[in-house]
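The primary structure of each chain is shown beneath.
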Amino acid sequence: MRRVLMGLLIVVVFSVAVSYWLIFVRATNGGLAFDNKLLIPEQLFGTVVDGRRQFHLTVDEGSREFLPGKQTPTAGVNGPYLGPTVRLRRGEDVDLIVRNNLDEMTTMHWHGAHVPARMDGTPHQKIQPGETWTVSFEVHQQAAPLWYHPHPHGTTGRHSYQGIAGFMWIDDDNSEALDLPKTYGVDDIPLVIQDRLFDDDGAFVFAINQGAVYGDTMLINGTWSPFLQVESRRIRLRLLNGSNARIYYIGFDDNRAFHQIATDGGFLETPLQTNRVTLAPGERAEILIDFSDGAEAVLKSYPEAELLDTIGSFFVGLGNGHLELLKIVPQPAKRASHALPERLNTISRIKASDAAKTRPMVLGGPLQGGGPAGPGVGPPINGKIMDMERIDEVVRLGDTEIWEVSNPGGQAHPFHIHLVQFQILDRNGQRPTGAELGWKDTVLVPAGDTVRIIMPFDRYADPEVPYMYHCHIMEHEDAGMMGQFLVVEDPQKLGNVTKNLQHK
Ligand SMILES: [Cu+2]
């Protein structure tokens, strides 16, 4: 008996030690000097050719010194790491000309963009080494902080981890009329938040741990230990969680209040006062912070994660650390501060009764047919692992649908749908509040939660080329936590759609 108790004690002590390590060592980066000036990605406005705005994006390998004295092999877009902020305007016809200079196939997906399936950059729109892929579409969605990243099936995580990603911001009449900070890099700041693991030589370590890739070193716009000088007035930060798997719970070290003004798909109706923003991989948020008091503050990620289940997140180290991201250093202001707008946008709520259909989306859980999930086989969606040759869902063009996304498993999954921006109808039966009233393309679904989302499918039928829905933990997605849907004019008329899917 005593021996058993002793054994139990050892197990308990060991578990506590491991948890301590996960939480306080692995996921904490305190003591940064913040002596590197934050890099700001170039902006790309393109050139107008025959009435179309053309952008050239070249994906290539490179190298960059992140840590002092160490060169890290990387990949990026029009540069060694990350890519330019592509600036689009609603109403314009655009061409994005993507060249792949890697020595392997990749794709480029416009995350959050409302584009035809053939232009979406999914695993089906392969760009072979040395090839160029031209994407053409009309921008007709509202102002929003979108982004782009590779989406080749099985290697999305690795390509993104190397550094291939960038912002794609849309402006419209509303965003131009609003009295908001808009001077890029001065009071309107892009922030791509990523965790990375480095080896002793400075190379990125792409190691799957707890089913995904986590790092202990934070890079902001590809800058380690960064500082940013701003004027002592109201500043706008556009946040992107560009990490493969880590969820952040973002605030300031002095707990100051700020205002969230936008979510994934556009502006909220009114500024939302808060002191935390939860950002899962793929999610974006825009916030306004008032620095008129002249006090420095460190943007950080807190251990609390109110949406995460405590036990699950405890053991995978999600959001459990105190992660310092960026020190913001106010300087004397050269102009007056922007007032806080009273109103930002109008969001008409879509009614549940408008939906033609409710589709269940079960994240995780057992595989259909009882097959074992194993190494390289990610959590399934509706019991199925991604198959490039299989269409999982067919949506009728013009329909509004409810997707009921439930997570019976043990860990949080950020669920992303291509093509659409959706509204959250309810979470565990409760009406949304705060930032969950905004337009979203990615929603965090913690273990045990059921989130009902609603969206119109009002454009871009294609009977042959599917869109994707998937978990945005990139290693889950690469291991098959993804499905394919078609949007068609008449689901009854659909023939054998799985033929030739590979080459569309
Ligand atoms: Cu997942």
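Predicted model, so just to flag it, every value in this text is computed and none were measured.

A.B. asks: Mind showing me how you'd approach the packing of aromatic side chains here?
C.D. replies: Each aromatic ring pair is described using two quantities: the centre-to-centre distance and the angle formed by the ring planes. All chains considered together, the criterion is met by 21 aromatic pairs. Ring centres of Phe 66 and Phe 204 lie 5.5 Å apart, and the angle between their planes is 35°; on these two criteria the pair is classed as tilted. Pair noted here: Phe 66 is in the loop between strand 4 (52–65) and strand 5 (71–77) and Phe 204 is in the loop between strand 12 (188–196) and strand 13 (208–209), with a separation of 138 residues, a long-range link. Residue Phe 66 shares its accessibility class with Phe 204, and that shared class is buried. Relative to Tyr 469, the ring of Phe 415 has its centre 6.1 Å away and its plane inclined at 45°; by these criteria the two rings are tilted.

A.B. asks: Would you mind showing me how to read the coordination of the copper ion here?
C.D. replies: A metal bound by six donors in octahedral fashion has ideal angles of 90 or 180 degrees, whereas one bound by four tetrahedral donors has an ideal angle of 109.5 degrees. Every protein donor of the copper ion is accounted for by His 413 (ND1), Cys 471 (SG) and His 476 (ND1), and the metal-donor separations fall at 2.0 to 2.1 Å. Read in sequence order, the donor residues coordinating the copper ion give the pattern H-x57-C-x4-H. We note that Cys 471, like His 476, is buried.

A.B. asks: Would you mind showing me how to read the sheet that holds strand 8 (residues 109–111) here?
C.D. replies: Backbone hydrogen bonds are what pair the strands of a sheet, in a parallel or an antiparallel way. Read across the sheet, five strands follow the order 2-6-11-10-8 without closing on themselves; strand pairing throughout is mixed. Of all strands in the sheet, those with a lone pairing partner are strand 2 (43–44) and strand 8, marking the two edges.

A.B. asks: Got a minute to help me understand the confidence of the model for the protein chain in this structure?
C.D. replies: Where the model shows low pLDDT, its predicted coordinates should not be examined in detail. Confidence in the prediction for the protein chain averages 91 pLDDT; 88% of positions are at 70 or higher. Ignoring residues within four places in sequence, the model shows residues 19–26, a span with pLDDT below 50, making 15 contacts including any to other chains. Residue range residues 305–319 is modelled with pLDDT below 50. Its contacts to residues more than four positions away, or to other chains, number 39 contacts.

A.B. asks: Explain the nonpolar core to me, please; I cannot follow it from the model alone.
C.D. replies: The tendency in soluble globular proteins is for nonpolar side chains to be buried side by side. Trp 403, Phe 415, Ile 417, Ile 453, Phe 457 and Phe 485 are the most contacted members of the largest nonpolar core, which totals 31 residues. Among the secondary structure elements, those contributing two or more residues to this core are strand 28 (400–406), strand 29 (413–417), strand 31 (442–445), strand 32 (450–456), strand 33 (462–471) and strand 34 (482–488). Top contributing element to this core by residue count: strand 33, with four residues. For Phe 485, the residues in contact, after removing those within four places along its chain, are Glu 393, Val 395, Trp 403, Ile 417, His 418, Leu 419, Phe 457, Pro 466, Tyr 467, Met 468 and Tyr 469. Among the nonpolar cores identified, the runner-up in size contains 27 residues, and Met 218, Leu 237, Leu 239 and Ile 289 belong to it.

A.B. asks: How should the side chain of Lys 440 be read in this particular structure?
C.D. replies: With respect to the secondary-structure elements, Lys 440 resides in the loop between strand 30 (423–427) and strand 31. In this structure the side chain of Lys 440 is engaged in a polar contact, spanning 3.1 Å, whose partner is the side chain of Asp 264.

Thresholds applied
- Residues numbered from 1 in each chain as written.
- Predicted model: local features only at pLDDT ≥ 70, side-chain atom pairs only at ≥ 80, totals over all residues.
- Heavy atoms only, no water.
- Phe/Tyr/Trp six-rings, centres within 6.5 Å; stacked < 30°, edge-to-face > 60°.
- Helix = DSSP H or I, 4+ residues; strand = E, 2+ residues; numbered from the N terminus.
- Buried < 20%, exposed > 50% of the residue type's maximum accessible area, 1.4 Å probe, protein only.
- Donors = N, O, S within 2.8 Å, 3.2 Å for Na, K, Ca; no water.
- Pairing = 2+ DSSP bridges.
- pLDDT = per-residue confidence, 0-100.
- Contact = heavy atoms within 4.5 Å.
- Core = buried A, V, L, I, M, F, W, Y, C linked by side-chain atoms within 4.5 Å.
- Polar contact = N/O pair within 3.5 Å; in protein donor to acceptor, adjacent residues only side chain to side chain.

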